[in-house]
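Tertiary structure, described
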Amino acid sequence: MAKIAEMTQLSPTMTEGTIVNWLKKVGDSVSPGDILAEVETDKAVMEMEAYDSGTLLAIIADAGSKIAVGLPVAIIGKSDEDVAKLIEDSKKKISQVSASSSSESKTTEESKPEQTKETKSESKIKAEPEKDKESEEVTPTPSEINKKEKPSETQDTDFTATGRILASPLAKALALEKSIDIKRVKGTGPAGRILQRDVLAYLENPNSSKAKSNTNLSFEIADDIEKPISGMRKVIAERLTSSKVNLPHFYLNIEIDASPIVAFRERFNSALAQFKNSDETSVSKISINDCIVKAVALSLRKHPQVNASWQKDKIMEYGRVDIGIAVSIEDGLITPVLRNANQQSLIGISEEIKLLADKAKKRKLKPEEFSNSTFTISNLGMFGISFFTAIINEPEAAILAVGTIEEKPVVKDGQIIAGKTMALTLSCDHRVVDGAEGAKFLATLRKFLENPELLAS
Amino acid sequence: MGNVTYREALNRAMVEEMQKDPLIFLMGEEVGHYQGAYKVSQGMLDKFGEARVIDTPISENGFAGIGVGSAMTGLRPIIEFMTWNFSLVAIDQIINSAAKMLYMSGGQFPMPIVFRGAGGAGGRLAAQHSQAFESWYAHIPGLKVIAPATPKDACGLLKSSILDNNPTIFIESEVLYGMKGEIPDEEFYIPLGKADIKREGSDISIITWSRALGFSMEAAEDLAKEGINVEVLDLRSLRPLDIDAIVQTVRKTNRAVIVEEGWPMAGFGAHVAYVIQKEAFDYLDHPVERVTQRDVPMSYAANLERESLPNATRIKEKIRSMLE
Amino acid sequence: MLLIRKFEEACAKGYSTGKIGGFLHLYIGQEAVGVGSIAALQEQDYIVSTYRDHGHAIARGLDLKAMMAELYGKRTGTSKGNGGSMHFFDKEKHFMGGHGIVGGHISLAAGIAFSSKYKKEDSVTMCFFGEGAANIGSFHEGLNLAAIWKLPVVFICENNHYAMGTPEYKALSVKDVSIRAVAYNIARDRIEGDEVRKVRDHIKVAVDRARRGEGPTLVEVSTYRFRGHSMSDPAKYRTKEELETHKKRDPLFKAFGDLIDAKVPKEDLSKFEEEINLKIEDAVQFAEESEEPPLSWMYNHVLAEDK
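Criteria and cut-off values
- Residues numbered from 1 in each chain as written.
- Chains lettered and ligands numbered in written order.
- Predicted model: local features only at pLDDT ≥ 70, side-chain atom pairs only at ≥ 80, totals over all residues.
- Heavy atoms only, no water.
- Helix = DSSP H or I, 4+ residues; strand = E, 2+ residues; numbered from the N terminus.
- Buried < 20%, exposed > 50% of the residue type's maximum accessible area, 1.4 Å probe, protein only.
- Contact = heavy atoms within 4.5 Å.
- Areas by Shrake-Rupley, 256 points an atom, 1.4 Å probe, with all protein chains shown as cover.
- Salt bridge = Lys/Arg side-chain N within 4 Å of Asp/Glu carboxyl O.
- Polar contact = N/O pair within 3.5 Å; in protein donor to acceptor, adjacent residues only side chain to side chain.
- Nonpolar A, V, L, I, M, F, W, Y, C, P; charged D, E, K, R; others polar.
- Core = buried A, V, L, I, M, F, W, Y, C linked by side-chain atoms within 4.5 Å.
- Domains from an automatic or database assignment.
- Buried area = accessible area lost by both parts, 1.4 Å probe.
- Axes fitted to C-alpha atoms, helices over the stretch in contact; angles between N-to-C directions.
- Parallel < 35°, antiparallel > 145°, perpendicular 65-115°, else oblique.
- Pairing = 2+ DSSP bridges.
- Expected span 1.5 Å × (residues − 1).
- pLDDT = per-residue confidence, 0-100.
- Lys, Arg positive; Asp, Glu negative; His and termini not counted.
- Patch = residues over 30% accessible without salt bridge, like charges linked within 9 Å, V, L, I, M, F, W, Y side chains within 5 Å.
- Charge placed at Lys NZ, Arg CZ, Asp CG, Glu CD.
- Phe/Tyr/Trp six-rings, centres within 6.5 Å; stacked < 30°, edge-to-face > 60°.
- Lys NZ or Arg CZ within 6 Å of the ring centre and 35° of its normal.

Once that is clear, we can look at the overall build of chain B. Of regular secondary structure, chain B possesses 11 helices and 14 strands. Every one of the 324 residues in chain B was classed for burial, and the buried ones make up 63%. Put simply, 81% of the contacts in chain B that link residues at least 6 apart link residues at least 24 apart.

For chain A, the helix and strand inventory stands at 11 helices and 18 strands. Within the span of chain A, comprising 457 residues, buried residues form 39% of the whole. Across chain A, contacts joining residues at least 24 apart in sequence account for 61% of those joining residues at least 6 apart. For chain A, the accessible area works out to roughly 25700 Å², and carbon and sulfur atoms hold 54% of it.

Now for the pattern of salt bridges. Counted by the stated rule, this structure contains 61 salt bridges over all chains. Across the salt bridge formed by Arg 446 of chain A and Glu 450 of chain A, the nearest N and O atoms sit 3.2 Å from each other. Residue Arg 446 of chain A and its partner Glu 450 of chain A are located together in helix H11 (residues 435–450), separated by 4 residues, close to a single helical turn. Accessibility expressed as a relative area gives 28% for Arg 446 of chain A, which makes it partly exposed. For Glu 450 of chain A, a relative accessible area of 22% gives the class partly exposed. Put simply, Arg 12, Glu 16, Glu 17, Lys 20, Lys 159 and Glu 187 of chain B are held in one network by salt bridges that share partners.

On to the interface of chain B and chain C. Between chain B and chain C, the contact holds 45 residues from the first and 38 residues from the second. Our enumeration of links across chain B and chain C arrives at 1 salt bridge. One salt bridge connects Glu 305 of chain C with Lys 144 of chain B, and the closest N-O pair in it is separated by 2.6 Å. If you look at where chain B meets chain C, you find 20 residue pairs in polar contact (both at pLDDT 80 or more). When residues in the side of chain B that touches chain C are grouped by element, the largest group, 10 residues, is from helix H3 (residues 60–72) of chain B. Taken together, the residues of the side of chain B that touches chain C break down into 21 nonpolar, 19 polar and 5 charged.

So, about the nonpolar core. Counting 86 residues, the largest nonpolar core has Phe 115, Ile 207 and Leu 235 of chain B together with Phe 114 of chain C as its most contacted members. Here this core gathers at least three residues from each of two domains, domain 1 (2–183) and domain 2 (196–323) of chain B. Not counting the four nearest positions on each side in its chain, Leu 235 of chain B is found in contact with Lys 194, Ala 195, Ile 207, Thr 208, Trp 209, Leu 241, Ile 246, Phe 268 and Val 272 of chain B. Of all hydrophobic cores here, the second largest spans 50 residues; its members include Ile 4, Phe 7, Tyr 27 and Phe 95 of chain C.

Another aspect to go through is the interface of chain A and chain B. Across the boundary between the two partners, chain A contributes 13 residues, which contact 11 residues of chain B. Looking only at chain A, the three residues that lose the most surface to chain B are Pro 169, Leu 170 and Arg 197 of chain A, adding up to 46% of its buried area. Applying the counting rule to chain A against chain B returns 0 salt bridges. Between the two partners, chain A and chain B, sit 7 residue pairs in polar contact (both at pLDDT 80 or more). Secondary structure elements with two or more residues in the side of chain A that touches chain B: helix H5 (169–177) and helix H6 (196–204) of chain A.

What follows is about the environment of Ile 180 of chain A. Residue and element names in this part refer to chain A. Mapped onto the fold, Ile 180 is located in the loop between H5 and H6. When its relative accessible area of 13% is taken as the criterion, Ile 180 is described as buried. The sequence separation of Ile 180 and Leu 203 amounts to 23 residues, and the corresponding C-alpha distance is 8.4 Å. In contact with Ile 180, not counting residues within four places along its chain, are Ala 175, Val 185, Val 199, Tyr 202 and Leu 203.

Right, let's get into the packing of H5 of chain A against H6 of chain A. Residues and elements named next belong to chain A. The interhelical angle for the contact between H5 and H6, taken along N-to-C directions, is 25 degrees, at an axis separation of 8 Å. With respect to H6, the axis of H5 lies roughly parallel. Within the contact between the two elements, H5 uses Leu 170, Ala 171, Leu 174 and Ala 175 and H6 uses Gln 196, Val 199 and Leu 200. Residues of the contact of H5 with H6, tallied by class, amount to 6 nonpolar, 1 polar and no charged.

Residue and element names in this part refer to chain C. Assignment of secondary structure puts Asn 135 in the loop between strand E2 (125–130) and helix H6 (137–148). Between the C-alpha atom of Asn 135 and that of Val 102, which follows or precedes it by 33 residues, the distance is 9.6 Å. If sequence neighbours within four positions are ignored, Asn 135 has contacts with His 140, Ala 171, Leu 172 and Arg 180.

This part is about the sheet that holds strand E6 (residues 54–59) of chain A. Strand pairing in a sheet relies on backbone hydrogen bonds. The paired strands run either parallel or antiparallel. The strand order E1-E8-E6-E3 (chain A) describes an open sheet built from 4 strands, whose pairing is antiparallel. Each edge of the open sheet is held by one strand with a lone partner, namely strand E1 (3–6) and strand E3 (29–30) of chain A.

Bringing helix H12 (residues 266–289) of chain C into the picture now. Residue and element names in this part refer to chain C. With 24 residues, H12 extends 34 Å between its outermost C-alpha atoms, agreeing within 8% with the 34 Å of an ideal straight helix rising 1.5 Å per residue. For H12, the full list of buried residues reads Leu 269, Ile 276, Ile 280, Ala 283 and Ala 287. On its buried face, H12 is in contact with helix H1 (2–16), helix H4 (64–71) and helix H11 (251–261).

Residues and elements named next belong to chain A. For chain A, mean pLDDT is 80; residues scoring 70 or higher make up 81% of the total. Between residues 101–158, whose pLDDT stays under 50, and residues either more than four places distant or in other chains, the model counts 53 contacts. In the model, residues 211–215 has pLDDT below 50 throughout and makes 8 contacts with residues more than four positions away in sequence or in other chains.

Counting through the fold element by element, Asp 92 of chain B comes out in helix H4 (residues 91–104). Although buried, Asp 92 of chain B forms no salt bridge, and the nearest oppositely charged side chain, Lys 100 of chain B, lies 7.5 Å from it. Residue contacts for Asp 92 of chain B: discarding those within four places in its chain leaves Ser 97 of chain B together with Ile 101 and Gly 104 of chain C.

Residues and elements named next belong to chain C. Mapped onto the elements of the fold, Asp 53 is located in the loop between strand E1 (46–48) and helix H3 (54–60). Buried charged residue Asp 53 carries no salt bridge. Nearest counter-charge: Arg 52, at 8.8 Å. In terms of polar contacts, Asp 53 uses its side chain to reach the backbone amide nitrogen of Phe 88, at 3.3 Å. Dropping the residues within four chain positions of it, Asp 53 is found in contact with Ser 85, Met 86, His 87, Phe 88, Phe 95 and Gly 98.

Residue and element names in this part refer to chain C. On the surface, Glu 274, Glu 275, Glu 281 and Asp 282 cluster together to form a negatively charged patch. Structurally, Glu 274 is set in helix H12. What makes Glu 274 partly exposed here is its relative accessible area of 46%.

Now for a nonpolar patch on the surface. Together, Met 382, Phe 383 and Ile 385 of chain A make up a nonpolar patch on the protein surface, roughly 330 Å² of accessible area in all. Considering the arrangement of structural elements, one finds Phe 383 of chain A in the loop between strand E16 (375–379) and strand E17 (398–412).

A few words on the packing of aromatic side chains. Evaluated as defined, the whole model comprises 18 aromatic pairs over all chains. Between the aromatic rings of Phe 264 of chain A and Phe 268 of chain A, the centroid separation amounts to 5.8 Å while the plane-to-plane angle is 45 degrees, which identifies the pairing as tilted. Remark: Phe 268 of chain A and Phe 264 of chain A occur in helix H8 (residues 259–272); sequence separation between them is 4 residues, near one turn of the helix. On the basis of relative accessibility, which here comes to 11%, the residue Phe 264 of chain A falls in the buried class. A relative accessible area of 23% places Phe 268 of chain A in the partly exposed class. Relative to Tyr 118 of chain C, the ring of Phe 114 of chain C lies with its centre 6.1 Å away and its plane at 40 degrees, an arrangement referred to as tilted. With a gap of 4 residues between them, Phe 114 of chain C and Tyr 118 of chain C both fall in helix H5 (residues 104–118), about one helical turn apart. Each member of the aromatic cluster is reached from another via a ring pair, and the members are Phe 63, Phe 81, Trp 84, Phe 115 and Tyr 137 of chain B. Above the plane of the ring of Tyr 318 of chain A lies Arg 320 of chain A, whose end atom (NZ or CZ) is 4.9 Å from the centre. Note that Arg 124 of chain B overlies the ring of Tyr 300 of chain B, its terminal NZ or CZ placed 4.3 Å from the centroid.

Moving on, we get to H5 of chain C. For H5 of chain C, built from 15 residues, the straight-helix expectation of 21 Å at 1.5 Å per residue is met to within 8% by its first-to-last C-alpha distance of 22 Å. Taking burial as the measure, the 15 residues of H5 of chain C include 14 buried ones, the bulk of the element.

Residues and elements named next belong to chain C. Along the chain, Gln 42 falls in the loop between helix H2 (31–39) and E1. Along the chain, Gln 42 and Val 124 lie 82 residues apart, while their C-alpha atoms are 8.6 Å from each other. Excluding anything up to four places from it in sequence, Gln 42 contacts Arg 60, Asp 122 and Arg 211. Within polar-contact distance, the side chain of Gln 42 engages the side chain of Gln 44 at 2.8 Å.

What follows is the structure, encoded as structure tokens:
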């Protein structure tokens, strides 16, 4: 079976070789290692060896022709073989590949000038539309890549060496007007200057913001998400803004010794564990928050001024104690109301709160279940918050913010020991509650919480 | 509405005013018997006689001085310089006498005088006959400087200049003398100090005057085909300058290019650029640009002159680059 | 003439004490020329002068107080303080300046004459200039134009033989300035300017000629300034002897001499001098007491519509 002798790679960088002259002619016998021809490579004139044995049946590439590495140059086989077809095919192969390889090299040449041109300035891209077309017809990919990559490179220049942002006065004025951080806008003007059109484009599509730095690293920037404003969020926004703006808030903070209430709750819950419900389920445990609710309810009865509301032409001191419990739900919060908290037992409070919270999370609360509270408690202790100030739930006169129980050094009888504290912060509407009243309320609340036996009252 | 040439419009302005006020006279080289070097004063000698249409020897300094002296004593001279290039020999009379007279005399001697003539390039007239002088004169407090670009503007503004009690530098253009344009049949005046939008646009403002208006309009029409909508503001009056009109157009389009026949350094457009960045800074989306005559004395060669002038091609190139 | 002399001396004093600033060009020694020439004029005639215009202005009767105030740069000056020494103007008295550019006003004077002729008024324009101005373009153009149009103007060249530091013979291509009249085909005259009545009589001939419509005259009057070109000129370009020689021909001495010869009593002369002294004192005092122009006047009178 005749074999095709191919142009061999005679140097690491050789891609094609020119046959200078054949040292064997058709009909000669060939053995592996024989020199078939002298080939001029990119580096020098080298000797091309044969790898097959047989007779040189045909020369495909004549002396003087330039053949790429791997393409047929000769056919070696048994002397009587008919290799006409093989010759034909080989010759075809050569002409086919020559055509595309020469066009490939054409593209490479054209892309190169384009690359340099494009790095210079974007305007040149526009000035040479014809050139782009030409190369696109032949091999679209390289120039497309060039086009895509280069513009962003020039954009890097909008951070100049001094770190200044280039933006036209108009663009700056517009950005200011629309409260846009101009640093986030991609500039398309000369030298990457940010123009009016860029700010306008940013307004339409803020995702296209750039965050490029001088280091040429590209970061994975998460997309901005536009969230529609839900009904609940709207309400929260309106009510809390109104409260913050209209009510003269002031804040009183106490830090109580939380050890008693913690101990109390433990004892209570372990005692409770001995009981069972009528349906044989265990009675659910009480939480610290449940204790706080009871303590607050009892304190409010003793300080009705804090259980009140500014009613424009009068101040209403409520007889009932309905405490709103702030519950965090998906996409917002809601405040279901625990009615007559002062008359409920700890267990009653605990169960009711659980019920309300569950309903709240399932969005099954009826309007009458989350309105008309007289006081609100917000507890962020489960999130680890040490201390915070809450916004009053208008038209109430106060709200209590409860922090987490912290272990920290405390002073007892002149000694520093490890203790447990909890921060309670009362926000008051100064139109209704003065500092002294608020302070007295908190003092009472502290008494209840630091002497939790009183919660049985 | 009639259709007349620029030179006919000027003629009409002078004739109308001279018919009304016998104290107005025209003085200059070849204004009388020759009918005007550019035929601007055609027929005026016959109408008004040698006492009021006065041919002079080649003595610009002399007859400019005569103009100043007669203006001091109640006459209202129109002094013609054949071209403004020749005003250089008389510039002492214009600046040191005419412009400053009222001030130096503490208000006693106003100068109701018009100096008029052709300014800018005329067409292969070479270096000494092709200069634009508006920045020279606009620099001087006490003068008014007017440069109309159309027959209608030329007529209305010359009439107002003649009636104005200040020394007025009225710059025409040889190239424009033959230009035809619409003009009202009834008598009309155009106030000094008011610019005119010659073409409404939205993408960019060209601010220009005199002959450069022609190049600007040509460029604007061509660019319209490319989808670029150019607004063209013809200043008409350089001193006093219509700052409001300039600011208004820049606020509208956010880009300004000044096109002028003068040279770039310290040309009048440089002052306009200052005014724009000062008064309309926050409305600019691009630095203010200028297309001027190239910074060379005017060559005689036709191609060099063409390329040296602020022609439509150069204007279009500049505008395209400003919109990228 | 005495008034002029005393006024100029007061100016010299004012300048030395810093009250008067800028350039100050004194007329001392040339009084006969100005006084004699202007004596030949009538009320409706016009005068155009150079920066050495104090003498002409006083001779024409401009208000002394307003003149001194102008020199002091006060708001009560003839030009409201805007002009100074070189730019005296009085519209009512037909005193058309006071001009700073050498010779520039010569064409301007021709223009005033042109205007008179145009309006068919019976006015003659009198134009003063020095021999230095006879070399500048405006002189030549102005004379030529006045000649071809037969303008009613008298060109008076006060030849004090020094154009600043340049003596006449170095700058002038002809023997004397009046010869240039020939170049323009106008009437000419040439006299010594040390006797006031002689000056008047000669100038009157030229004035009458102009008034008759026979055209301009160039009159050269030889004279001498006893001080430098201006206050900052030490006049080192002429010898002390030369100066002393000329001082002997002081027109004031001549005038005083003639008056004494005419039997005018000495007491009258003394009284006359006293009156003049008082006038000068008044003027100086007025100038001292007047205020500078307010800053709000800065932009007045740039354009005719500014008030």
